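As a plain string of letters, each chain reads:
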Amino acid sequence: MAEKYDIIAATGCPTGIAHTFMAKEALEKAAAERGLTIKVETHGQVGIENALTPAEIAAARAVVVAADKDVNAERFAGKPMVSVGVSRAISQEAAGKLIDDALAAKADPNAVAAVAQEAPSAEKESFGHQLYKHLMNGVSHMLVFVVAGGVLTAVSFLWGITSFDSTASDYNTFAAMLKTIGGIAMNLMVPVLSAYIAESIGKRPALVPGFVAGMIAIQGLPVSAETGLIDAGGSGVGFGFLGGIVGGFLSGYVILLLEKVFAKLPANLNGLKAIFLYPLFSTLIVGLVMLGISGPMVAINNGMMDFLRGLQHAGAIPLGIAIGCMCAVDMGGPVNKAAYVTGTMLLGAGLEAGVGTSEYADGTAFMAAVSAACIVPPLVTSFAVIAGKKYFSQEDHDAGIVNIILGCTHITEGAIPFMTKNIWPVMPIMMVSSAIASVLTLLLGVHVPAPHGGFLVLPVVDGGLQWVLAILVGTVVGGILFTAFKKHEWTREQAFISAAPAAAPASVAEPVSAEADSVKPQQTDEAKADEAEAAGDFVKASNVFCDQKVDDRDAALKFISDNAVAAGIADDADALLAAFLKREEEGTTGMVDGFAIPHAKTDAVKRASVMVLKAPEGVPGWDTMDEAPVTCAIALLVPEAEAGTSHLQILSKVAMALTDDDFRAACKDATDPAAVAFLINERLV
């Protein structure tokens, strides 16, 4: 039989190292103080721990959600609940108030929403960042379909350009199956994009209208060829990637609207809302709107295709510029698809006319330019993350390396995440790069008789070497421009950081090093320090800096970064500082009672470590939960490669230790580095 708890809770912060576990400790102490039983589920870097079961949820008297990330709160539907940001539950006093509020909300379900509104998260994100987060949720789910579908489709062309066609001379059964599988995966791209943008906004109920909106985006409004009227058995013209984005946001916000509309329905109808009302009305509303905008989108697409056909004999330069810009401006959206569909139509006409005809020459030349323009953008990102690695995050670097494969197989969508982060000037850079490749392809007389495949179809390309050269030129030019932009952005950030007066690094702060490296005979914790060093404890006395004076938070983090490099913990102080500051942008790491836990996760860190900076006079400009000045910063440094490993479990114990009044008091009183190191190591056992 499942154990019953008075209170159940879920905690989670974006990084999952400190706030998550501090909130857990505070809630547990507050519950014990009130004589209540509690179980707290944590959503940290190592995943979900202490997971709540359906039986435990059902038996609980009330629920506390303290999280800045999705903790699947829908499972608590119908329970008395408060929902706040994780930083609102860091102290025992605040956690106790949340428990009291949750219990008070029990008799009146309407009070749940009111409590949550009265206690908003202290780490609010801007509306623009919310939109970006929703978009990237869709993009991240979509890209795997693009990779699988694009590569399988490209491989199918190895057996021949028409090897999937059972009436063609080069037909191959296996190639036809690959083309079928790849095509299905690629066709799911836009529905998945739309659905998971919607899911990020409206949670699970938004998936239904999101998928429907995505399907409408690729199929368009069905019209009968005979009557010209809307006909479910007719055919339509889709509006692709941008349509999927519009449909995703529309679906998500329609669900939020319906939640408000149905909010006054009795609680016993919650199940009916989830399985009937939400999917029915959201699908109807979203479907009608999407079909309604289908006409204008089709007109825009047709206009772009007519424009391209008109440029076909205007010369290589104007045609190449038009193709390149259209293929790169939205990378798989309606503008890109207009260029691609025009190319496939002309190619189809050329293949039907036969080799040696003017139609064949025009169609294959046009397709060569389109393919080059589509291949270049992802390769531009690959060039940039390799040439300017220090200017990109590890996530961007990994994505750029994957884009080598995507680009070489004609999958433009791999560049989308880079463009969405900096539409200006990344979009123009991609357009220029693709235009260069397209123009050179046309000038060099390249002919590509395959509608897809990238470099996998090189064996059938007429002028393959020239085609690769044109693509490389566009890639290098774009890569240099993109790297220059990222360098400028990085330099500007560094200039801002360095404008703040910084403490001297350990290499020049001789008094600090001397104090850190030696323990005077009369110090009372000498025996403990020797014992800790002999045991090879995690925190070294040499990495604890007492009695420091720094001008502000950034200067404190720079001091820690410089000394981490001096101690051999990290190899790039600038990258480490940038990682610290990036975390601070997500929400302050200042806690309560004068403590802060700054943490950085970066490849610049060579081994997981803890460093401590004590500033008795306080660190100006470091926001804390209780507005007390930071006097002790316990910094957690984690290598990117060790994210989610046992090291984070060890480091999390430091965060939990700060909920202990005795530990905080001892840390405050200790003036010797070895004593501070011993106190922390004792908590890591």
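Note that the structure is predicted; figures quoted are calculated from it, not measured.

### A look at the overall build of the protein
Part 1: For the protein, the helix and strand inventory stands at 25 helices and 10 strands.
Part 2: Sorting the 685 residues of the protein into buried and exposed places 52% on the buried side.
Part 3: A separation of at least 24 residues holds for 72% of the contacts in the protein among residues at least 6 apart in sequence.
Part 4: Summed over all atoms, the accessible surface of the protein reaches about 29200 Å², with 61% contributed by carbon and sulfur.

### Observations concerning the state of the cysteines
Defined simply, a disulfide is a covalent bond joining two cysteines at their sulfur atoms.
Part 1: The full count for this structure, using the stated rule, is 0 disulfides.
Part 2: Of all cysteine sulfurs in the structure, the one in Cys632 sits closest to Cys546, which takes part in no disulfide; the separation is 8.2 Å.

### Side note on the environment of Gly590
Part 1: Note on placement: Gly590 falls in the loop between α22 (573–586) and β7 (595–596).
Part 2: Beyond its immediate sequence surroundings of up to four residues, Gly590 is in contact with Phe595, Ala596, Trp622, Asp623, Thr624 and Met625.

### What to know about helix α8 (residues 207–219)
Part 1: With 13 residues, α8 ought to run about 18 Å at 1.5 Å a step, and its terminal C-alpha atoms sit 18 Å apart, in line with that.
Part 2: All of the buried residues along α8 are Leu207, Pro209, Gly210, Ala213, Gly214, Ile216 and Ala217.
Part 3: Downstream of α8 by one or two residues, Gly220 has phi in the positive range, about 75°.

### A short note on the nonpolar core
Most often, soluble globular proteins have nonpolar side chains that are buried together.
Part 1: Ile197, Met290, Phe392, Val448, Trp467, Ile471 and Phe482 are the most contacted members of the largest nonpolar core, which totals 58 residues.
Part 2: Here the element with the most residues in this core is helix α14 (residues 358–387); it accounts for 8 residues.
Part 3: Among residues more than four places away in sequence, those in contact with Ile197 are His134, Leu135, Gly138, Ile245, Gly248 and Phe249.
Part 4: Ala570, Phe580, Ala600 and Val630 belong to the second-largest nonpolar core, a separate cluster that totals 27 residues.

### Thoughts on the pairing of strand β9 (residues 609–619)
Part 1: Of all 11 residues that make up β9, 9 are buried, and the element is covered over most of its length.
Part 2: Of the pairings in the sheet, the one linking strand β6 (residues 544–545) to β9 comprises 2 bridges and is parallel in character. Its bridge partner being in β9, Phe545 is matched across the sheet by Leu613.
Part 3: The pairing of β9 with strand β10 (residues 630–639) spans 7 bridges and is classified as antiparallel.

### Some words on unusual backbone geometry
A negative phi holds for most residues other than glycine; trans holds for most peptide bonds.
Part 1: In this chain, Trp424 is followed by Pro425 through a cis amide linkage whose omega measures 10°.
Part 2: Among the secondary structure elements, Pro425 is positioned in helix α17 (residues 423–443).
Part 3: Even without being glycine, Lys203 reaches a positive phi, approximately 60°.
Part 4: Following the sequence through the fold, Lys203 ends up in the loop between α7 (189–202) and α8.
Part 5: Overall, Lys203 belongs to the partly exposed group, its relative accessible area being 30%.

### What to know about α22
Because each turn of an α-helix spans 3.6 residues, side chains separated by three or four positions in sequence point in the same direction.
Part 1: Over its 14 residues, α22 runs 20 Å from end to end, which matches the ideal 20 Å to within 8%, given 1.5 Å per residue.
Part 2: Buried within α22 are the following residues: Ala573, Leu576, Leu577, Ala579, Phe580, Leu581, Arg583 and Glu584.
Part 3: At the N-terminal end of α22, a side-chain oxygen is found 3.1 Å from the backbone nitrogen of Asp574, two or three residues along, and the residue is Asp572.
Part 4: In the stretch just after α22, Gly587 is the one whose phi turns positive, near 155°.

### Overview of the pattern of salt bridges
Between side chains of opposite charge, a pair can form as their charged atoms come close.
Part 1: Tallied over the entire structure, the rule returns 14 salt bridges.
Part 2: In this structure, Lys24 engages Glu28 in a salt bridge whose closest nitrogen and oxygen atoms are separated by 2.8 Å. Of this pair, Lys24 and Glu28 both sit in helix α1 (residues 19–33), 4 residues apart, which is roughly one turn of that helix.
Part 3: On the accessibility criterion, Lys24 (16% relative accessible area) is buried.

### Comments concerning the packing of helix α21 (residues 553–566) against α22
Part 1: Relative orientation of the contacting elements α21 and α22 amounts to 140°, with a least axis distance of 9 Å. Regarding the angle of α21 to α22, the classification is oblique. Both α21 and α22 take part in a crossing whose hand is right-handed. Contacts from Arg553, Asp554, Leu557, Lys558, Ile560, Ser561, Asp562, Ala564 and Val565 in α21 reach Ala573, Leu576, Leu577, Phe580, Leu581 and Glu584 in α22.
Part 2: Residues that form the contact of α21 with α22 fall into these classes: 9 nonpolar, 1 polar and 5 charged.

### Looking at the confidence of the model for the protein
Part 1: Mean pLDDT over the protein works out to 80, with 82% of the residues at or above the 70 mark.
Part 2: Confidence over residues 107–125 falls short of pLDDT 50; this stretch has 25 contacts with residues more than four positions distant or in other chains.
Part 3: In the model, residues 497–536 has pLDDT below 50 throughout and makes 46 contacts with residues more than four positions away in sequence or in other chains.

### Remarks on a negative patch on the surface
Part 1: Together, Glu395, Asp398, Asp571 and Asp603 make up a region of like negative charge exposed at the surface.
Part 2: With respect to the helices, strands and loops of the structure, Asp398 is situated in helix α15 (residues 394–408).
Part 3: We classify Asp398 as partly exposed; its relative accessible area is 40%.

### Some words on the packing of aromatic side chains
Part 1: Taken as a whole and assessed by the stated rule, the structure comprises 9 aromatic pairs.
Part 2: Taken together, the aromatic side chains of Phe262, Tyr278 and Phe281 make up a single cluster linked through ring pairs.
Part 3: Cation over ring: Lys179 sits above Phe164, and NZ or CZ is 4.8 Å from the ring centre.

Basis of the calculations
Residues numbered from 1 in each chain as written. Predicted model: local features only at pLDDT ≥ 70, side-chain atom pairs only at ≥ 80, totals over all residues. Heavy atoms only, no water. Helix = DSSP H or I, 4+ residues; strand = E, 2+ residues; numbered from the N terminus. Buried < 20%, exposed > 50% of the residue type's maximum accessible area, 1.4 Å probe, protein only. Contact = heavy atoms within 4.5 Å. Areas by Shrake-Rupley, 256 points an atom, 1.4 Å probe, with all protein chains shown as cover. Disulfide = S-S within 2.5 Å. Expected span 1.5 Å × (residues − 1). Core = buried A, V, L, I, M, F, W, Y, C linked by side-chain atoms within 4.5 Å. Pairing = 2+ DSSP bridges. Polar contact = N/O pair within 3.5 Å; in protein donor to acceptor, adjacent residues only side chain to side chain. Salt bridge = Lys/Arg side-chain N within 4 Å of Asp/Glu carboxyl O. Axes fitted to C-alpha atoms, helices over the stretch in contact; angles between N-to-C directions. Parallel < 35°, antiparallel > 145°, perpendicular 65-115°, else oblique. Left-handed = near helix turned anticlockwise from the far one by under 90°. Nonpolar A, V, L, I, M, F, W, Y, C, P; charged D, E, K, R; others polar. pLDDT = per-residue confidence, 0-100. Patch = residues over 30% accessible without salt bridge, like charges linked within 9 Å, V, L, I, M, F, W, Y side chains within 5 Å. Lys, Arg positive; Asp, Glu negative; His and termini not counted. Charge placed at Lys NZ, Arg CZ, Asp CG, Glu CD. Phe/Tyr/Trp six-rings, centres within 6.5 Å; stacked < 30°, edge-to-face > 60°. Lys NZ or Arg CZ within 6 Å of the ring centre and 35° of its normal.

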